[in-house]
Amino acid sequence: MDPKGQRVKLNDGHFIPVLGLGTAVPPVVPVLIPKSEALEVTKFAIEVGFRHIDCAHVYRNEEQVGQAIQSKIADGTVKRENIFYTSKLWCTFLRPELVRPALEKSLKTLQLDYVDLYIIHFPLAVKPGEELFPKDENGKLISDSVDLCHTWEALEKCKDAGLTKSIGVSNFNHKQLEKILNKPGLKYKPVCNQVECHPYLNQSKLLDFCKSHDIVLVAYGALGSQRIKEWVNLNLPILLEDSVLCAIAKKHKQTPALVVLRYQIQRGVVVLAKSYNKKRINENIQVFDFELTPEDMKAIDGLNRNIRYYEFLIGVGHPEYPFSEEY
Ligand SMILES: NC(=O)c1ccc[n+]([C@@H]2O[C@H](COP(=O)([O-])OP(=O)(O)OC[C@H]3O[C@@H](n4cnc5c(N)ncnc54)[C@H](OP(=O)(O)O)[C@@H]3O)[C@@H](O)[C@H]2O)c1
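The following paragraphs examine the structure supplied in this document. Everything numeric here is computed off the predicted structure, so don't read it as measured data.

1. Description of the sheet that holds strand 6 (residues 115-120)
Taken together, 8 strands build a closed barrel; the order of strands is 3-4-5-6-7-8-9-10 and the barrel is parallel. Put simply, the sheet's adjacent strands are angled 30° from each other on average, direction ignored. Relative to the sheet, helix 4 (residues 148-160) contacts strand 5 (84-89), strand 6 and strand 7 (164-170), its axis offset from that of strand 7 by approximately 160°. Its contacts with the sheet put helix 8 (residues 256-266) on strand 9 (216-220) and strand 10 (270-274), and the angle it makes with strand 10 is roughly 160°.

What follows is the structure, encoded as C-alpha cells:
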C-alpha cells in the first residue's frame, strides 16, 4: 500500500487515513482569503497525496471543497472511494428532526451522495435557526434543550440511510462519550472523538479512554492551532517554537511541524493539519518519511501542560460545556 495512504480501521469496519487536511478558516478571514482558495488548496492537497479532508457546515466552504473533490475525481487523480471526507453537524441542528436535513444540505452543497464521516461538532445544542452563533445579551450562546442521545439516534438513522458511512463526535469529554456508549438500545458506537490535541494538551487520559472503547481520537489544532485573536488567547506559547520540539526536529533533519504530526500518528491518533499554503501542504505529507524514537516520544509526552488554545468561551455556561471536566 502507498505509505501516504496509511489508514486505521474504525469500529464499524471502515478505514480512516491517519493524516487529514484541515480546511477551517476563521470567520473574519474570508474577507482576506477568497473562498476560491479552499478549492485550490484542496485540489493541491489531493494531488500531493492527501486522502482525508476535514470540513464542516460551519466553515462555510463546503461548496469549494466539494468542487475540489469533484474535479480531482473527474480528472482521474482519485476515485470517490479513495477519498475520506468528514462533515460536521453544527450546534443549531442537534434536535433529532434537524439532523438528516442538515446532512442532506451539506451533501447538496458538496455535490456528493454520501460523506465518509459525519460527527456532532460540539455537544452544545443551541437555538435552531439561520444564525449559526445565536447569542444572548452577554455574548453567550443561547442554549437549546436537547438530549444528545436523541441526536445520536438521528445520526444512526443517517448511517442506515447510506448518507454517511460512519458517525462520530467531536469535543466530547469522557462523560459525554459514556452517555452515548451506555445509551439503551445503542446501535452504533461513535467511531471517533475529534478534539484539540498536541504536545501541550496531549489528552492522554481521553486517549486511553477512547482506545479502551475502540474509538479513534482525531487531533485538531495539532500544529498549535490557528492563532487568530477571535479564537485563541495570543498570550499562550507558540507550540512550533518549543525548544524540545525544535531540537528533535533538528536531529531528524525535519521541521517541528512534522515532528508534532508524526508524534500523533505514532501514538495511534489520527491527525489533521490545516494549511492554505502549498509549500506547507507539501511538507506535511512528508510525515510518513521518518520515525521518532521511543526517547523522542517520551520527551514530547513530557511537554504536556494542559494548554487549550480553543476554549470556545462563548459556550461557557452551557450545561453541556465540555471543557470543565478534567478529560
Ligand atoms: N472539531 C472542531 O471543533 C475543530 C476545531 C478546530 C479545528 N478543527 C479542524 O482541524 C483542522 C486543523 O486545526 P487548526 O485549524 O487549528 O490548525 P492546525 O492544523 O493546528 O494548523 C495551524 C496553523 O499551522 C500552519 N501550518 C500548517 N502546516 C505548517 C507547517 N508545516 N509549518 C508551519 N506551520 C504550518 C497553518 O498556517 P498556513 O495555512 O498559513 O500554512 C495553520 O494555520 C481545522 O482546519 C479543522 O478542519 C476542528
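Still more to cover.
2. What about the site of the ligand?
Taken together, 30 residues lie near the ligand, and Asp54, Lys274, Ser275, Arg280 and Tyr310 sit nearest. Contacts to the ligand include glycine 221, whose backbone N or O atom sits 3.1 Å from an oxygen atom. Taking glutamate 283, its side chain carries an N or O atom lying 3.1 Å from a nitrogen atom of the ligand. Isolated, the ligand exposes 910 Å² of accessible area, and the fraction of that covered by the protein chains is 87%. At the level of elements, strand 10 and helix 9 (278-284) are the ones that each hand at least two residues to the shell around the ligand. The residue inventory of the shell around the ligand, partitioned by class, reads 12 nonpolar, 13 polar and 5 charged.

3. Looking at the pattern of salt bridges
Applying the stated criterion across every chain yields a total of 15 salt bridges. A salt bridge links aspartate 116 to arginine 80, with the nearest nitrogen and oxygen atoms 2.9 Å apart. With aspartate 116 in strand 6 and arginine 80 in the loop between helix 2 (62-74) and strand 5, this residue pair connects regions lying 36 residues apart in the sequence. Accessibility expressed as a relative area gives 8% for aspartate 116, which makes it buried. The class of arginine 80 is buried, set by a relative accessible area of 14%. With a closest N to O distance of 3.4 Å, glutamate 320 and lysine 179 form a salt bridge. Taken together, the residues glutamate 320 in the segment after helix 10 (294-301) and lysine 179 in helix 5 (residues 174-181) connect sequence positions 141 residues apart. Residue glutamate 320 is classed as buried on the basis of its relative accessible area, which comes to 18%. Accessibility expressed as a relative area gives 43% for lysine 179, which makes it partly exposed.

What counts and what doesn't
- Residues numbered from 1 in each chain as written.
- Predicted model: local features only at pLDDT ≥ 70, side-chain atom pairs only at ≥ 80, totals over all residues.
- Heavy atoms only, no water.
- Pairing = 2+ DSSP bridges.
- Helix = DSSP H or I, 4+ residues; strand = E, 2+ residues; numbered from the N terminus.
- Axes fitted to C-alpha atoms, helices over the stretch in contact; angles between N-to-C directions.
- Contact = heavy atoms within 4.5 Å.
- Near = heavy atom within 4 Å.
- Polar contact = N/O pair within 3.5 Å; in protein donor to acceptor, adjacent residues only side chain to side chain.
- Areas by Shrake-Rupley, 256 points an atom, 1.4 Å probe, with all protein chains shown as cover.
- Nonpolar A, V, L, I, M, F, W, Y, C, P; charged D, E, K, R; others polar.
- Salt bridge = Lys/Arg side-chain N within 4 Å of Asp/Glu carboxyl O.
- Buried < 20%, exposed > 50% of the residue type's maximum accessible area, 1.4 Å probe, protein only.

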